[in-house]
Amino acid sequence: MKKVITYGTYDLLHYGHINLLKRAKELGDYLIVGITTDSFDLERGKLNVRNNLMERIEAVRQTGLADQIIIEEYQGQKIDDIKKYEVDIFAIGSDWEGHFDYLKEYCKVVYLPRTEGISSTMLRNENQRTIKIGIIGSGRMAKRFLEEAKHVNAVVIDSVFNPIHEDLSIFCTETGLRGYSDNMNIFFSNIDACYIASPHNTHYDYAKCAINNGCHVLCEIPFTMNNEQTEELFELSIKRKVILMCALKTAYCPAFSHLINLIKTGVIGDVVDVEASVSTLLDDFSLREFSASQCGGSMTENSYFPLLAIFRILGVAYEQIHFFSKFNWNVDIYTKCIIAYKKATASFKVGLGIKTEGNMIISGTKGYVYVPSPWWKTDFFELCYEDRNCNKKYFYSYEGDGLRYEIREFVVSILNGDISQRYLTMKEIVAMDSILRSFLEKQNLVKI
Ligand code: CTP
């Protein structure tokens, strides 16, 4: 019996797929179809696949062309599959010409002509509403956002708002975007959503104005730095039926999400301590990060990252919190924070003027998780046990600057009207803002 194998995502199954499957089947007597998992697609940069794995499997099954369906989960699996199923022919569309020649060592490789004029990408674009996003602020984050948004379908960056004329016109010349420096209402009336990357102390006002204009909001960290204002914004967003999301990129990164899920299954037992650090040593003291009037400092710049991990794992109901900080130019250039829960502890170090190792260690009753620096851009972690033979390493990819994951989630939430806040809840953001507020009010603070 001649066995043929082929692979694909098969999103929104179309006649191009069916043609390919038919011709692949004709090459032999038995056809195996490998369908990619959702996470493997994410890793490969396919961020906008519409059908989930179960739907895609069902669609291929219904064609009646596959004798066997398998799931493709990792790079290099094709070699394993070919050996395991004793495959004679590997077939794939001609868009992959040459790409799989390395499989010739294991079986015959056939590139079948691709059906012209149809693709899943085309169907996704056709059926999909495009979300027009306006950026508020035109600094470093705005530039990164623009670059990263190119990797997410269904998004058009429409315009930019900045009341400072000079900065705005430089940004518009560089990017070709339409700019607004006054009349916010016109700016909002032309867009579906906005990304707020303006100076920290302007976030609340911009977000409120956007929501009141029926605009979805993705707001950079620090969110508002005031828990009451944050709560007010969320209540308003629910009333106005718009999505309000915090642009804390780690929360949406696939490896970090998986890490949290694993811990929840009890792989390291009960968690009793979370320790995380984030430091970004800067030497240009004229930067806004060192300016007290612009709400600079290590806590405002970096504390949301460790707080995300701590709250995701231990919850927001802590009992005590203490800060130990080193100040310069009236901002904290280093802070160590210790948090006590009823049955656990957590601590983090953040620094702009002091360098620490940016790793994270989560300790439990059965073992611990080690995430090396920079843990907030997680692409690798290890589960470690007393018996080192039981240790397990997990590898992922973290694409580009990582903003594409939060942008994707923002757009998908808008398209589906989904306010479930799977990755970061209102409670967590309010708790982060409450901690930042108490720090800025110098509560429980010891200067060192
Ligand atoms: N295929 C084809 N003709 C098309 C589209 C796809 O022959 N018009 C083939 C691909 O070459 C591949 C298989 O169908 O062998 C599955 O491809 P997949 O990537 O799932 O489909 P696309 O439509 O190419 O998806 P996308 O637009 O997301 O890349």
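Going by the structure above, here's the rest.
Anyway, here's the lowdown on the structure attached to this text. (Residues numbered from 1 in each chain as written. Predicted model: local features only at pLDDT ≥ 70, side-chain atom pairs only at ≥ 80, totals over all residues. Heavy atoms only, no water.)

1. A look at the packing of aromatic side chains
Inference 1: Applying the stated criterion across every chain yields a total of 24 aromatic pairs.
Inference 2: Ring geometry for phenylalanine 290 and tryptophan 329: centres 5.3 Å apart, planes at 65°, overall edge-to-face. A residue pair is termed long-range when its members are at least 10 positions apart, and phenylalanine 290 in the loop between strand E12 (271-279) and helix H12 (298-302) and tryptophan 329 in the loop between strand E13 (320-328) and strand E14 (331-340) qualify at 39 residues.
Inference 3: Relative accessible area serves as the criterion here: at 4%, phenylalanine 290 is assigned to the buried category.
Inference 4: Judged by relative accessible area, which is 43%, tryptophan 329 ranks as partly exposed.
Inference 5: Their ring planes at 75° and their centres at 5.1 Å tell us that phenylalanine 323 and phenylalanine 439 sit as a pair that is edge-to-face. Residue phenylalanine 323 is found in strand E13, and its partner phenylalanine 439 is found in helix H15 (residues 426-440); the two are separated by 116 residues along the sequence.
Inference 6: What makes phenylalanine 323 buried here is its relative accessible area of 0%.
Inference 7: Residue classification places phenylalanine 439 among the buried positions, given a relative accessible area of 3%.
Inference 8: Positioned above the aromatic ring of tyrosine 7, the side-chain terminus of lysine 78 is 4.7 Å from the ring centre. (Phe/Tyr/Trp six-rings, centres within 6.5 Å; stacked < 30°, edge-to-face > 60°. Helix = DSSP H or I, 4+ residues; strand = E, 2+ residues; numbered from the N terminus. Buried < 20%, exposed > 50% of the residue type's maximum accessible area, 1.4 Å probe, protein only. Lys NZ or Arg CZ within 6 Å of the ring centre and 35° of its normal.)

2. What to know about the side chain of glutamate 148
Inference 1: As for its position among the elements, glutamate 148 is in helix H6 (residues 140-149).
Inference 2: Among the polar contacts listed, one links the side chain of glutamate 148 to the backbone nitrogen of leucine 403, at a separation of 3.1 Å. (Polar contact = N/O pair within 3.5 Å; in protein donor to acceptor, adjacent residues only side chain to side chain.)

3. Description of the sheet that holds strand E2 (residues 30-36)
Inference 1: Read across the sheet, 5 strands follow the order E3-E2-E1-E4-E5 without closing on themselves; strand pairing throughout is parallel. Looking along the sheet, the strands with just one partner apiece sit at the ends: strand E3 (68-72) and strand E5 (108-112). Geometrically, the sheet is characterised by an average inter-axis angle of 25° between neighbouring strands, direction not taken into account.
Inference 2: Inspection of the sheet shows E2 paired to E3 by 5 bridges, in the parallel sense. (Pairing = 2+ DSSP bridges. Axes fitted to C-alpha atoms, helices over the stretch in contact; angles between N-to-C directions.)

4. Notes on the environment of lysine 264
Inference 1: Residue position: lysine 264 is located in helix H11 (residues 254-264).
Inference 2: In the structure, lysine 264 is positioned 191 residues away from glutamate 73 in sequence and 22 Å away in space, judged by C-alpha atoms.
Inference 3: In this view, lysine 264 contacts Arg312 and Ile313; residues no more than four positions away in its chain are not counted.
Inference 4: Only 2.7 Å separates the side chain of lysine 264 from the backbone oxygen of arginine 312, close enough to count as a polar contact. (Contact = heavy atoms within 4.5 Å.)

5. Things to note about unusual backbone geometry
Inference 1: Looking along the chain, the bond that leaves isoleucine 221 and enters proline 222 is cis, with omega of -5°.
Inference 2: Relative to the assigned elements, proline 222 resides in the loop between strand E10 (216-219) and helix H10 (227-239).
Inference 3: In this structure, proline 374 follows serine 373 across a cis peptide bond, with omega equal to -5°.
Inference 4: Relative to the assigned elements, proline 374 resides in the loop between strand E17 (368-371) and strand E18 (380-384).
Inference 5: Phi at tyrosine 10 takes a positive value of approximately 55°, unusual for a residue other than glycine.
Inference 6: Following the sequence through the fold, tyrosine 10 ends up in the loop between strand E1 (3-8) and helix H1 (15-26).

6. Here's the deal with the nonpolar core
The nonpolar side chains of a soluble globular protein tend to be buried with one another.
Inference 1: Membership of the largest hydrophobic core comes to 109 residues, with the highest contact counts inside it found for Met360, Ile362 and Trp375.
Inference 2: Counting residues per element, this core draws most heavily on helix H13 (residues 304-314), which supplies 9 residues.
Inference 3: Those residues in contact with methionine 360 that lie beyond four places of it in its chain are Phe256, Leu259, Val274, Glu275, Ala276, Ala309, Val369, Tyr370, Val371 and Trp375. (Core = buried A, V, L, I, M, F, W, Y, C linked by side-chain atoms within 4.5 Å.)

7. Quick notes on the site of the ligand
Inference 1: In the region of the ligand, 18 residues are neighbours, and Asp95, Thr115, Ile118, Ser120 and Thr121 sit closest.
Inference 2: Side-chain polar atom of aspartate 95 to an oxygen atom of the ligand: 2.6 Å apart, as the coordinates give it.
Inference 3: Here an oxygen atom of the ligand and a side-chain polar atom of arginine 124 are 2.8 Å apart.
Inference 4: With the chains in place, 93% of the 570 Å² that the ligand exposes on its own is no longer accessible.
Inference 5: Of all the elements in the fold, those that place two or more residues in the shell around the ligand are H1, strand E4 (89-93) and helix H5 (120-127).
Inference 6: Along the lines of polarity and charge, the residues of the shell around the ligand split into 4 nonpolar, 10 polar and 4 charged. (Near = heavy atom within 4 Å. Areas by Shrake-Rupley, 256 points an atom, 1.4 Å probe, with all protein chains shown as cover. Nonpolar A, V, L, I, M, F, W, Y, C, P; charged D, E, K, R; others polar.)

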